[in-house]
Amino acid sequence: MFYPCLLLVLCFAVIIVMATVIVPSFVKIFNEMKVELPLITKIIIGISNFVSKYFILILIFLFVVILIMILYTKTQKGKLWIDKIKTKLFILKKFTQIILTSRFCKSLKILVDSGIPIVSCIEICSSLIGNRYVNDKFKFAVDEIKRGSSISSALYSLDFFPQLAIETIYISEKTANLSYSLGILGQIYEDDLHNKIQRLTTIIEPALILFIALIVVILLVAIFIPLFSMLNNIGAY
C-alpha cells in the first residue's frame, strides 16, 4: 500500500504546485494581454487565487480538523464510533467482516481446544476481535447461548458474520467437529483478506495515476486555450 499512498501525496503536490506557482504566472500574462478567458480557466484561476491567498489558513484548518479527529478517536465514544463506521461503510465493511471473522474463528478454535466452556470462549473472543461495536453486540449472543441456543444461531442473530461461516459452524456443531472447522474458516478468511488487499491495490494504483493525469490535463487545457488565443491575436497583428 506504500505506492498508492505515494501516488496520492504526489497528486496533492502536483495540484498545489500548479495552483500556487504555474497558474498565477500565466494569470499575469493573460491580464497584461487582456485575453478573454474561457469558463474553465476562470474556475481554475479562482481556485488558484483562493489556495494562494488562504494557503496557510487551509493548512491550519486541516491540521486542527485532523487533531480534533485524532483526539476524539482516543476517547471511548470516539473509538466506538470508529469501530461502528468500520462495520457500516461499503468497502470497510467487507474488509472488517473478513478480518473479524478470521480473528474470531482462530481465537475460538484455540479456546475450544483448551477445554474452556463455550460461553466463556465466546465472551473471551468478543474482547479479542478488536472491535468495540461488534463486542457490544456479542453480549446478546452470549445471552442466547446461555439460554440454550447454538453458537451458529447466536452468531446469526448478530447480523454481522458471513453466511458461509455461520453455516459451516452450524454443520460442525451437528457433527461434533467444531475445532477443525474453525481452523479451516480462519485460514479461508485470512487468505481471502490477502487476496482482496492485492486486488484493491491493483485497482487503486492505475486509478490514482488516471486521476493525476486528469487533473494535469484539465490544468493544461485551462492554460493553453487562452494562451493559443493570445498567440492568434498577436499573429493577427
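The structure this text deals with has already been given above.
Here is what the cut-offs are and how they apply
Residues numbered from 1 in each chain as written. Predicted model: local features only at pLDDT ≥ 70, side-chain atom pairs only at ≥ 80, totals over all residues. Heavy atoms only, no water. Core = buried A, V, L, I, M, F, W, Y, C linked by side-chain atoms within 4.5 Å. Buried < 20%, exposed > 50% of the residue type's maximum accessible area, 1.4 Å probe, protein only. Helix = DSSP H or I, 4+ residues; strand = E, 2+ residues; numbered from the N terminus. Contact = heavy atoms within 4.5 Å. Axes fitted to C-alpha atoms, helices over the stretch in contact; angles between N-to-C directions. Parallel < 35°, antiparallel > 145°, perpendicular 65-115°, else oblique. Nonpolar A, V, L, I, M, F, W, Y, C, P; charged D, E, K, R; others polar. 1 Å grid on protein atoms, 1.4 Å probe; cavity = no way out; pocket = protein on both sides within 12 Å on 5 of 7 lines; lining within 4 Å. Points joined across faces, edges and corners; volume = space filled by probe spheres on them.

(A) View of the nonpolar core. Core analysis: the biggest nonpolar cluster contains 31 residues, and Phe104, Ile122, Phe138, Leu155 and Phe161 have the highest contact counts within it. Of all elements in the fold, only helix H5 (90-113), helix H6 (118-128), helix H7 (132-146), helix H8 (151-157), helix H9 (163-174) and helix H10 (178-236) reach the threshold of two or more residues within this core. Those residues within four positions of Phe161 in sequence are excluded, and the remaining contacts are Gln97, Leu100, Thr101, Phe104, Phe138, Leu155 and Ile166.

(B) The arrangement of the packing of helix H4 (residues 76-88) against H5 in detail. At a closest axis distance of 5 Å, the pairing of H4 and H5 adopts a crossing angle of 95°. In this view, H4 runs roughly perpendicular relative to H5, as classed from their interaxial angle. Here Lys86, Thr87 and Lys88 of H4 come into contact with H5, specifically with Phe90, Leu92, Lys93 and Thr96. Across the contact of H4 with H5, the residue classes tally to 2 nonpolar, 2 polar and 3 charged.

(C) Seen up close, empty space enclosed by the protein. Counted according to the given criterion, the structure contains 1 cavity of 30 Å³ or more. Empty space within the largest cavity amounts to approximately 40 Å³. Lining the largest cavity are Val23, Phe26, Val27, Phe30, Thr41, Ile44, Ile45, Ala222 and Ile223. Breaking the lining of the largest cavity down by element, the ones donating at least two residues are helix H1 (2-33), helix H2 (39-53) and H10. Per-element accounting of the lining of the largest cavity gives the leading share, 4 residues, to H1. Split by residue class, the lining of the largest cavity holds 8 nonpolar, 1 polar and no charged.

Scope: geometric values only; no functional claims are made or implied.
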